[in-house]
Amino acid sequence: MALSLIGLLFSSAAAAQNDNLRRLDNGDDAKAWEAVGRLDINGTGFCTGALIAPKLVLTAAHCLFDRDTRERITEGRVEFLAGWRNGRAGAYRDVARAVVHPDYVYDEELSSKRVRNDLALLELSQPIRNVSIRPFKTAARPRQGDSVGVVSYALDRSEAPSLQEVCEVLARQEGVLITSCAVDFGASGAPIFIIQDGEAQIVSVVSAKAEVRGAQVSLGTALGQPLAELQAELVAGNGVYLGANQGERRVRVGDAKQGMGAKFVKP
């Protein structure tokens, strides 16, 4: 199922297959997933991210680019809303620094190379040390046929995350994971999990949705080496420093006072 052979195409019009999604509206359902959060980007769009350390959020690199200008976001406010659900979050943190994979190119056409490098690490302004928000571990990428799950926000479910507990790894090649997980606009950067020893561990993040012979699929980067390279970039002090001034009013995605609708990032 090589990308060059199966003709993967962005599905900008077709709706995702959401039949197996369960909305995490209440505390009992959501408590295991509080470290997944919504990333609000300058009050005009959002992605999904997941905490992998008290001060580090994993997401997709393309979330940090302006869709209109095609340029990297270098100023403004990116905020992580841990466990965002029905107007409240377990923790609110501004993003202080963002590192994207050095080989990621935003303007490339959909390809194995683009998806493989579509990874970013965000350093928060303050660590999240809340006993109910536990960072996730990461794990080696699963094999073809393995069961995985995904927790994501999206266009029509921006106020609470949704869980798809069982989807399948359809193929993996050239650092790309192709799964049957249901994703839609806003799900970019959403963590893809396996369960090991009764614990959810992240094996990939959502980069894009696509079609294979008329069926909806999701594409994600494998972790491992790309994640290690991002961590090295952080240690070296690289990346773009972000963040709004203290005391500045927070603007939420879809805030009615803006007089505009949200602009959603394509997964």
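Computed from a predicted model, the values in this text were never measured in an experiment.

Colleague: I'd like to hear about the side chain of Thr59, residue by residue, with values.
Modeller: Tracing the backbone through its elements, the reader meets Thr59 in strand 5 (residues 56-59). Judged by its relative accessible area of 1%, Thr59 is buried. Among the polar contacts made by the side chain of Thr59, one reaches the main-chain carbonyl oxygen of Thr48 at a distance of 2.9 Å. Those residues within four positions of Thr59 in sequence are excluded, and the remaining contacts are Leu39, Cys47, Thr48, Gly49, Asp118, Leu119, Ala120, Leu122, Ser188, Gly189 and Val205.

Colleague: With reference to specific residues and values, describe the state of the cysteines.
Modeller: Taken as a whole and judged by the stated rule, the model has two disulfides. A sulfur-sulfur distance of 2.1 Å marks the disulfide that ties Cys47 to Cys63. Judged by the sign of its S-S torsion, about -100°, the bond between Cys47 and Cys63 is left-handed. Remark: Cys63 occurs in the loop between strand 5 and strand 6 (78-82) and Cys47 occurs in strand 4 (residues 45-53); sequence separation between them is 16 residues. According to the relative accessible area criterion, Cys47 is buried, its value standing at 0%. The connectivity of the disulfide-linked cysteines in the protein, indexed sequentially, is 1-2, 3-4.

Colleague: Describe the pattern of salt bridges, and please don't skip the residues or the numbers.
Modeller: Under the criterion given, the structure shown has eleven salt bridges. The closest approach of N and O atoms between Arg77 and Asp94, which form a salt bridge, is 2.6 Å. In this pair, Arg77 sits in the loop between strand 5 and strand 6 while Asp94 sits in strand 7 (residues 91-100), placing the two residues 17 residues apart along the sequence. The burial state of Arg77 is the same as that of Asp94; both residues are buried. Where Arg97 meets Glu123, a salt bridge forms, and the shortest distance between an N and an O atom there is 3.1 Å. With a gap of 26 residues between them, Arg97 in strand 7 and Glu123 in strand 8 (residues 120-124) connect regions that are remote in the sequence. Neither Arg97 nor Glu123 differs from the other in exposure class; each is buried. One network of salt bridges, in which partners are shared, links Arg22, Asp29 and Glu165.

Colleague: Now, about the packing of aromatic side chains: what can you tell me, with residues and values included?
Modeller: This model, assessed by the stated rule, comprises five aromatic pairs. Joined through ring pairs, the aromatic side chains of Trp33, Phe136 and Phe193 make up one cluster.

Colleague: I'd like a rundown of the side chain of Thr221, residues and numbers included.
Modeller: Mapped onto the elements, Thr221 comes out in strand 15 (residues 215-222). Overall, Thr221 belongs to the buried group, its relative accessible area being 0%. In this structure the side chain of Thr221 is engaged in a polar contact, spanning 2.6 Å, whose partner is the backbone oxygen of Arg116.

Colleague: A description of the environment of Leu58 should follow, citing residues and the corresponding values.
Modeller: Here Leu58 lies in strand 5. By relative accessible area, which is 0% here, Leu58 ends up buried. Considering only alpha carbons, one finds Leu58 and Val205, 147 residues apart in sequence, at a separation of 7.9 Å. Residues within four places of Leu58 in sequence aside, it is in contact with Gly49, Ala50, Ile52, Leu119, Ala120, Leu121, Gly189, Ile202, Val205, Leu223 and Leu227.

Colleague: Any chance you could break down the pairing of strand 6 for me, citing the residues and the numbers?
Modeller: Across the five residues that make up strand 6, a large majority, five, are buried. Burial along strand 6 is two-sided: the residues Val78, Phe80 and Ala82 and Glu79 and Leu81 are all buried. Pairing of strand 3 (residues 36-41) with strand 6 involves five bridges; the strand directions are antiparallel. Counterpart to Leu39 in the pairing with strand 6 is Phe80. Taken together, the four bridges between strand 6 and strand 7 define a ladder with antiparallel strand orientation. What sits directly across from Leu81, in strand 7, is Tyr92.

How each quantity is defined
- Each chain has its residues counted from 1, running along the sequence as written.
- Owing to the predicted nature of the model, reporting of local features is limited to residues with pLDDT of at least 70; listing and counting of side-chain atom pairs is limited to 80 or more, with chain, interface and lining totals taken over all residues.
- The basis for the side-chain values is all heavy atoms of the structure; hydrogens and waters are excluded.
- Every helix listed is a DSSP run of H or I at least four residues long, and every strand listed is a run of E at least two residues long, numbered separately from the N terminus.
- Relative accessible area decides the class of each residue, using a 1.4 Å probe on protein chains only: under 20% of the type maximum gives buried, over 50% gives exposed, and in between gives partly exposed.
- Polar contact criterion, stated in full: a pair of N or O atoms within 3.5 Å, where within protein one must be able to donate a hydrogen and the other to accept it, and residues adjacent in sequence count only if both atoms are side-chain atoms.
- Any two residues whose heavy atoms approach within 4.5 Å at even a single point are treated as in contact.
- Our working definition of a disulfide is a cysteine sulfur pair at a distance within 2.5 Å.
- Any carboxyl oxygen of Asp or Glu that lies within 4 Å of a side-chain nitrogen of Lys or Arg is treated as forming a salt bridge with it.
- We call Phe, Tyr and Trp rings a pair once their centres come within 6.5 Å, taking the six-membered ring for Trp, and we label the pair stacked below 30 degrees between planes, edge-to-face above 60, and tilted otherwise.
- If DSSP finds at least two bridges between two strands, the strands pair.

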